[in-house]
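Summary of the model geometry
Chain residues, written in single-letter form:
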Number of protein chains: 2
Amino acid sequence: MNNIFENISEKEKIKLLNLLEAHETFFKKDKDISVNVKDMDTLCIVESGLVQILKTDVNGNRTIIEEIEENQVFGNSIYNIMDSDYTIITKEDTEIIVLDYKTVMSKEERPVYYNHFIKNLLDIYKDKIRQCNDRITVLTNKSIRDKLLAYFNLLRKGAKTTIIYLPFSFTDLADYLAVNRSAMSRELTNLRVEGLIEIQGRKIKLYYDKER
Amino acid sequence: MNNIFENISEKEKIKLLNLLEAHETFFKKDKDISVNVKDMDTLCIVESGLVQILKTDVNGNRTIIEEIEENQVFGNSIYNIMDSDYTIITKEDTEIIVLDYKTVMSKEERPVYYNHFIKNLLDIYKDKIRQCNDRITVLTNKSIRDKLLAYFNLLRKGAKTTIIYLPFSFTDLADYLAVNRSAMSRELTNLRVEGLIEIQGRKIKLYYDKER
DNA sequence: TGCAAATTGTTGCAAGTGCAACAAAACAAA
DNA sequence: TTTGTTTTGTTGCACTTGCAACAATTTGCA
């Protein structure tokens, strides 16, 4: 994952934040910070800590849209987080740098570190596009089985390894795949019985070929 | 949809393309241009015409991933189109500007029009992220009915209008929603019979509240 | 204009999935 | 450790969906 301050020294970072008219804010763990970042065309950088973007659907179910880690960005300039069904909360004590997107883009003065910043921002956007496309690739499979296999293939992408580690719980995986948890559990059992996979907690061994 | 040459005059555009070491190429309609754009970290601009990015799945079914129109971009810098299951074809006579992403980003000289270009590129990336997120929002609904309603709501987003126009055929819509076409057709009939919608070709009238 | 191709609507059937409910297991906190 | 909470596995049942096959309609092209 690309870092918004890649190739920018600590000294340059201070100058950069000054140039971009940044406001730093601290938040305690488990705070709803929606109001602080929703009201304009913001670009927010997580300087330290962890932020979650949640969505509440019509039935009241909250799902995690995304987790934003250190040196990653979020904000209205990317998501439609203005929508009232989105909530932004801190999962740890968190330090956030709030920028105004228009201000950032309209700077006349563009030192080298500014250019690095913009390049990093582009790379982060590309990461997000790739992530979204990956998820779409998984979601466009019609059956739970195919979704699972597509997802497992993503995790072992490139690597020849047949061992993968789920980055979250099975409950969350069902959410990510947009399927019923117990139906997914049933399908995992089927895959296990058929000898295609072996499950040990979040560690899964794959016994099938990539092109399946 | 943002335009890669927004706020850039014709004169500036010529200078810009020169600065970025652009190569222009013409292609006839219905040509597979995969080989021409896959081999490096490219950023391709469709100067005129229309390009489709297709994906062939394990069963040999081809689906349209995206259509790239005039003044829009595609390339390895965004998609993993290197993967052999992706194909890029022209749907009309098409003029493409091929840039090397690294060259573009490492320019020392940065005239105003270059900065506009980068800002436009960022805006285009944001558009893509929004598009992807919209599709994910639709795809994460579990039933065909909910997918349809979520999609219709997207189309009437903001607008109070209860009349929407599908941007593609029902066959393609089924593809977009990742559901079986005839099952979708059945569900559309249900919605029609229940009086929630009215269908006239690609024009659909909605008779239900937004928050449904 | 007329023909071929593509799109749409419909249906029966089998298979897959969502849902609810519950027990077992794993995890976390006191 | 004990206790309470969350996650996981399982199952029956109803309902949804995918699939295949076909007719009707629309579209596009020669």
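Please refer to the structure higher up on the page.
Residues numbered from 1 in each chain as written. Chains lettered and ligands numbered in written order. Predicted model: local features only at pLDDT ≥ 70, side-chain atom pairs only at ≥ 80, totals over all residues. Heavy atoms only, no water.

1. Points about the sheet that holds strand S5 (residues 73-74) of chain A
Residues and elements named next belong to chain A. Stated precisely, the cut-off is as follows: A pair of strands is considered paired only if DSSP assigns at least 2 bridges between the two. Helix and strand assignments follow DSSP, with helices taken as H or I runs no shorter than four residues and strands as E runs no shorter than two, numbered in order from the N terminus. Contacts are assigned to residue pairs with any non-hydrogen atoms lying within 4.5 Å of each other. Convention adopted: a line fitted to C-alpha atoms gives each axis, helices being fitted over their contacting stretch, and angles between N-to-C directions are expressed from 0 to 180 degrees.
Here we have 4 strands laid out as an open sheet, ordered S1-S7-S2-S5, and antiparallel in their pairing. In this open sheet, the two edge strands, each paired with only one partner strand, are strand S1 (23-27) and S5. Sheet topology places S1 next to strand S7 (residues 94-100); 5 bridges connect them, and they run antiparallel. Within the sheet, the bridge partner assigned to His 23 lies in S7 and is Val 98. Along the sheet face, helix H4 (residues 112-139) touches strand S2 (42-48), S5 and S7 and points at about 90° away from the line of S2.

2. Considerations on the packing of aromatic side chains
To keep things clear, this is the line we draw: Only Phe, Tyr and Trp rings take part, Trp by its six-membered ring, and two of them pair if their centres are within 6.5 Å. Stacked means planes under 30 degrees apart, edge-to-face means over 60, and tilted covers everything else. The cut-offs for exposure are 20% and 50% of the maximum accessible area for each residue type, with area from a 1.4 Å probe on protein chains only; residues under the lower value are buried, those over the upper are exposed, and the others partly exposed. Whether a charge sits over a ring depends on NZ of Lys or CZ of Arg being within 6 Å of the ring centre and within 35 degrees of the ring normal.
Overall, the coordinates contain 8 aromatic pairs over all chains when judged by the stated rule. Measuring from centroid to centroid gives 6.4 Å for Tyr 151 of chain B and Phe 152 of chain B, while their planes differ by 55°, and the two rings are tilted. Like Tyr 151 of chain B, the residue Phe 152 of chain B is buried in the burial classification. By way of ring pairs, the aromatic residues Tyr 151, Phe 152, Phe 168 and Tyr 176 of chain A are connected into one cluster. Positioned above the aromatic ring of Tyr 176 of chain A is the side chain of Arg 135 of chain A, whose terminal nitrogen or guanidinium carbon lies 4.7 Å from the ring centre.

3. Re the interface of chain B and chain A
As a reminder, the rule being used: Each of two parts loses accessible area, computed with a 1.4 Å probe, when they are put together; buried area is these two losses added. Salt bridges are identified by distance alone: a Lys or Arg side-chain nitrogen within 4 Å of an Asp or Glu carboxyl oxygen. Side-chain atoms alone can form a polar contact between residues adjacent in sequence; in general such a contact is a pair of N or O atoms within 3.5 Å, and within protein one must be able to donate a hydrogen while the other accepts it.
Counting residues at the interface gives 35 residues for chain B, matched by 35 residues for chain A. Summed over both partners, the interface of chain B with chain A buries about 3,300 Å², with 63% contributed by carbon and sulfur atoms. Looking only at chain B, the three residues that lose the most surface to chain A are Leu 122, Lys 126 and Ile 129 of chain B, adding up to 17% of its buried area. Summed over the shared surface of chain B and chain A, the number is 0 salt bridges. At the junction of chain B and chain A, the tally comes to 4 residue pairs in polar contact (both at pLDDT 80 or more).

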